[in-house]
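Take a look at the letters that make up each chain.
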Amino acid sequence: MRSNGYDLSDKEKFGPKPTVFRFCWISPSHTPMGCHTASWLCAPAAATATGSSKFYKSTTIFCCINSPADSSQPSSLVSTGSSSRRKYYPGRNRPLDQPHEIARHWIDSAHPFPSQETLRVVSYNILADRNAFKYRDLYPNVPFSYMKWDRRRRLICNEIIGWNPDIVCLQEVDKYVDFVSILEKEGYAGSYKRRTGDTGDGCAMFWKAEKFRLLEGESIEFKKYGLRDNVAQLSLFELQMCEDESRKLLIGNIHVLYNPSRGDVKLGQIRFLSSRARFLAEKWGNVPVVLAGDFNSTPQSAVYQFLSSSELSVMLYDRRELSGQRNCRPAQVFDIEREISSSLILIDRVVQVLPLIAMLECMLQCSCFRFLKGSWTDEEVKVATGNADCHIAVLPLKLKSSYATVKSSTRTRGFNGEPLATSYHSKFLGTVDYLWYSDGVLPTRVLDTLPIDILRGLGGLPCRELGSDHLALVCEFAFSPNKEEGNSTKCMATSDVTFPASEEHDNGTLM
């Protein structure tokens with residue numbers, strides 16, 4: 001969740017995975033891939049039998065490392081590392097070779113479907129190689145060797161292949177060819193869209209070529225619509241369920257702008273992606289939609305409210321605080337955790353005064369409305385809502401969060417069911433990654449994230465077991481028995497998407 005076009009040299013940088021892992025590492029092939037690199041649409045090589053890997057699968061996944069910290073030697077094993085009031089470095093005094101056990105558990109839905117075929121989707125911000133060193137100050141507790149791309153690539157690819165996903169959505173990819181050379185051997189085809197501007201990373205999507213047929217793809221450059229240099233992908237797949245049945249599914253992949261102060265741009269990017277997703281979904285018979293990515297907004301934020309409720313009155317919020325990112329420094333999060341743990345006996349009293357608090361908040365919002373209105377320019381309102389005269393931003397899709405739907409314990413989840421953290425470095429500890437879904441599919445289980453105390457002990461990500469500063473989100477979806485036509489929200493003035501400096505939409509090929 002780094003800069004995404006935000007000049008962090010001028011402003012303060014804000015913050016800004018294993019049933020048992022048994023990996024058989026396949027060295028990247030140095031032979032040409034099964035595609036032309038200029039197209040960035042790659043299919044798996046014809047012969048994949050010799051490149052296949054076998055993994056032992058169970059319900060809980062462990063990475064337990066008892067080997068020395070030296071990771072300079074190439075290895076076929078998953079190898080891990082290193083953990084704010086004065087400069088808050090909780091792992092400063094922990095020996096780097098101290099072993100850690102990182103376990104992630106599958107959590108089943110409370111209302112599972114009868115046995116039927118499911119599809120597994122992964123969303124993963126993998127930390128671009130360039131960003132890992134450009135923003136090295138975000139990783140003071142992480143040994144230099146853990147930041148090297150060769151090592152992180154091995155861990156990330158082992159992890160992805162270990163989950164055996166059907167579809168993989170990656171963000172912050174600046175070494176796409178490296179992933180193609182490995183994943184095509186496992187039977188995956190892929191597409192890539194590089195960000196515009198001078199930043200070299202982008203979004204990548206991979207899918208099992210034998211299971212899915214790509215019917216249509218669209219790459220979105222937000223810069224064409226005055227929405228910065230971020231990009232997104234949309235891919236419409238046909239899944240062969242059995243000999244005489246197939247289902248269609250639309251997958252979206254996005255890395256939303258990082259800049260905490262530009263909530264208007266975040267809303268605009270999300271709204272535009274959703275509008276294009278709705279158009280494609282209706283074009284192909286109102287197919288279900290899954291949107292994956294790093295949304296650079298926390299579960300407590302107004303942007304999250306926009307995604308979960310499909311609309312937002314932007315004038316009730318300060319544009320600079322829409323994403324909630326400023327409230328997630330590790331020191332703040334750990335202090336809140338301690339206060340909550342020591343104040344459980346007060347819950348009953350708190351519940352009694354919640355209606356009063358809600359009323360006071362409403363009064364405060366009303367009294368501050370005039371001030372907040374002054375913090376928005378007409379251009380910013382237009383970016384956020386699509387119309388300078390309309391103060392309500394509307395999401396063209398009705399979406400739910402897969403992790404919020406499949407409940408887990410308070411060790412890993414917050415008050416609204418979202419993970420407590422999906423990203424962790426010295427200036428951020430919180431959740432910004434999501435897997436959203438529309439009517440037509442339902443999550444049957446998710447791979448739970450890590451408890452805060454485990455992350456605190458690590459002192460930051462990447463670590464010895466994990467190759468990114470984000471945790472991968474993994475969800476299994478099943479098609480609803482009776483799919484309802486519910487991908488559209490009510491019509492309103494903002495249903496027609498308009499943006500400043502807009503051009504004719506590019507329906508170009510996948511890249």
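*Asks:* Tell me about unusual backbone geometry, residues and numbers included.
*Replies:* With omega at 0°, the peptide bond leading from Leu 461 into Pro 462 counts as cis. Topologically, Pro 462 is positioned in the loop between helix 11 (452-458) and strand 19 (473-479). In this model, Glu 172 sits at a positive phi of 60°, which is unusual for a non-glycine residue. When you line up the elements, Glu 172 lands in strand 5 (residues 167-173). Even without being a glycine, Ser 310 presents a positive backbone phi close to 75°. In this structure, Ser 310 sits in the loop between helix 6 (302-309) and strand 12 (311-313).

*Asks:* Describe the packing of aromatic side chains, with residues and values.
*Replies:* Applying the stated criterion across every chain yields a total of 14 aromatic pairs. When the ring of Tyr 434 is compared with that of Trp 436, the centres are 5.6 Å apart and the planes differ by 40°; the resulting orientation is tilted. Judged by relative accessible area, Tyr 434 falls into the buried class, the value being 1%. Taking the relative accessible area as the measure of exposure, Trp 436 reaches 1% and is therefore buried. Joined through ring pairs, the aromatic side chains of Phe 295, Tyr 304, Tyr 434 and Trp 436 make up one cluster. The aromatic ring of Trp 106 is capped on one face by Arg 445, whose charged end is 4.1 Å from the ring centroid.

*Asks:* Account for helix 9 (residues 378-385), with residues named and values stated.
*Replies:* Every buried residue of helix 9 is accounted for by Glu 380, Val 381, Val 383, Ala 384 and Thr 385. Against the buried residues of helix 9 lie helix 5 (263-283) and strand 13 (392-394). Looking one or two places after helix 9, you find Gly 386, whose phi comes out positive at around 95°.

*Asks:* Describe the packing of helix 5 against helix 9, naming the residues involved and giving the relevant values.
*Replies:* What describes two packed helices is the angle between their axes and the distance between those same axes. Two elements in contact, helix 5 and helix 9, have axes separated by 6 Å at closest approach and are oriented at 30°. The orientation of helix 5 relative to helix 9 falls into the category roughly parallel. Listed contacts from helix 9 to Asp 264, Val 265, Leu 267, Gly 268 and Arg 271 of helix 5 are Glu 380, Lys 382, Val 383, Ala 384 and Thr 385. Class assignment of the residues belonging to the contact of helix 5 with helix 9 gives a composition of 4 nonpolar, 2 polar and 4 charged.

*Asks:* Tell me about the pattern of salt bridges, residues and numbers included.
*Replies:* In the structure shown here, the tally under the stated rule is 22 salt bridges. In this structure, the salt-bridge partner of Asp 264 is Arg 262, at a minimum N-O distance of 2.7 Å. Residues joined by salt bridges that share partners form a network here, namely Glu 117, Asp 166, Lys 208 and Lys 211.

*Asks:* Account for the environment of Arg 445, naming residues and giving values.
*Replies:* With respect to the helices, strands and loops of the structure, Arg 445 is situated in strand 18 (residues 441-447). Every residue in contact with Arg 445, bar those within four places of it in the chain, is listed here: Trp 106, Ile 107, Asp 108, Ser 109, Arg 120, Val 474, Cys 475 and Glu 476.

*Asks:* Can you break down helix 6 residue by residue, with the values?
*Replies:* Looking at helix 6, one finds that the buried residues are Ala 302, Val 303, Tyr 304, Phe 306 and Leu 307. For helix 6, the elements touching its buried residues are helix 5, strand 12, strand 13, strand 14 (400-401), helix 10 (402-405) and strand 17 (433-437). Just downstream of helix 6 lies Ser 310, where phi reads positive at about 75°.

*Asks:* Outline the pairing of strand 5, listing residues and values.
*Replies:* A large share of strand 5 lies buried, amounting to 7 of its 7 residues. Pairing geometry for strand 4 (residues 119-125) and strand 5, over 5 bridges, is parallel. Bridge pairing in strand 5 places Val 122 opposite Val 168. Judged from the 5 bridges that link them, strand 5 and strand 7 (residues 202-208) form a sheet pairing that is antiparallel. Paired with Ile 167 across the strands is Trp 207, a residue of strand 7.

Cut-off values and rules
Residues numbered from 1 in each chain as written. Predicted model: local features only at pLDDT ≥ 70, side-chain atom pairs only at ≥ 80, totals over all residues. Heavy atoms only, no water. Helix = DSSP H or I, 4+ residues; strand = E, 2+ residues; numbered from the N terminus. Phe/Tyr/Trp six-rings, centres within 6.5 Å; stacked < 30°, edge-to-face > 60°. Buried < 20%, exposed > 50% of the residue type's maximum accessible area, 1.4 Å probe, protein only. Lys NZ or Arg CZ within 6 Å of the ring centre and 35° of its normal. Contact = heavy atoms within 4.5 Å. Axes fitted to C-alpha atoms, helices over the stretch in contact; angles between N-to-C directions. Parallel < 35°, antiparallel > 145°, perpendicular 65-115°, else oblique. Nonpolar A, V, L, I, M, F, W, Y, C, P; charged D, E, K, R; others polar. Salt bridge = Lys/Arg side-chain N within 4 Å of Asp/Glu carboxyl O. Pairing = 2+ DSSP bridges.

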